[in-house]
Amino acid sequence: TRVFRGHFGGHPAAAQQRAQRPPSREEQQRGAMMGLMQLLPVLLVVGLTLFSSSTEPSYSLVADAKFVVELQTQRIGVNFYVRDAKDFETKFPPNSHKRQQLERQVESDMYERVYQRCQNERMAQHRTFTWGNREAARRMELASCKELGRMNSAMSTRAY
């Protein structure tokens, strides 16, 4: 037990001494500072989350109640939606660098979506083929894969 106390609990007399005397002002300040330092990462994450969630997107790839005005990217003709055409044109003037960056982001977002759908179609075709319905697998249309091919062709012929 002496080894156990010495390793984990310290000397019993020292523990009693610490328990009997009140913490000094310096110890209190150090304890408060340590508590604050432990809370700092949590406060930082909460603050960044609130700050980043306050910015709303400038566009959507699908029309909804907020995004009603349909526009199209110049380079490959991807449809996207904005809240208000006039406000959008003010923030992102046609042919400006800012507009080109936004349109590239729209195209990139759409490309990722279409690519994922194409992968899902190919996987479904593969499963159908593997499970023995080879004729049905050959007849599958793979519309997203065709769209992906169209996007790839358009991007290779119309680079900025």
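Residues numbered from 1 in each chain as written. Predicted model: local features only at pLDDT ≥ 70, side-chain atom pairs only at ≥ 80, totals over all residues. Heavy atoms only, no water.

Q: Give me the overall build of the chain: which residues, what numbers.
A: Looking only at helices and strands, the chain has seven helices and two strands in total. Sequence-ordered secondary structure for the chain, helices as α and strands as β, is α-α-α-β-β-α-α-α-α. Buried residues in the chain amount to 19% of all 160 residues. As displayed, the chain has an accessible area near 12400 Å², and 57% of this comes from carbon and sulfur atoms. (Helix = DSSP H or I, 4+ residues; strand = E, 2+ residues; numbered from the N terminus. Buried < 20%, exposed > 50% of the residue type's maximum accessible area, 1.4 Å probe, protein only. Areas by Shrake-Rupley, 256 points an atom, 1.4 Å probe, with all protein chains shown as cover.)

Q: Describe in detail the state of the cysteines, supporting the description with residues and values.
A: A complete count under the given rule lists one disulfide for this structure. With a sulfur-sulfur separation of 2.0 Å, Cys118 is cross-linked through a disulfide to Cys145. Classification of the bridge connecting Cys118 and Cys145 rests on its S-S torsion, roughly 100°, and on that basis the disulfide is right-handed. Separated by 27 residues along the polypeptide, Cys118 in helix H5 (residues 97-130) and Cys145 in helix H7 (residues 143-157) bring together distant segments of the chain. Accessibility expressed as a relative area gives 0% for Cys118, which makes it buried. Looking at Cys145, the relative accessible area reads 14%, which means it is buried. (Disulfide = S-S within 2.5 Å.)

Q: Run through the nonpolar core, naming residues and quoting values.
A: Among soluble globular proteins, nonpolar side chains are generally buried collectively. In this structure, Tyr59, Phe80, Phe88, Leu102 and Val106 are the most contacted members of the largest nonpolar core, which totals 19 residues. At the level of secondary structure, the elements contributing two or more residues to this core comprise strand S2 (79-82), H5 and H7. Broken down by element, the residue count for this core peaks at five residues, all from H5. (Core = buried A, V, L, I, M, F, W, Y, C linked by side-chain atoms within 4.5 Å.)

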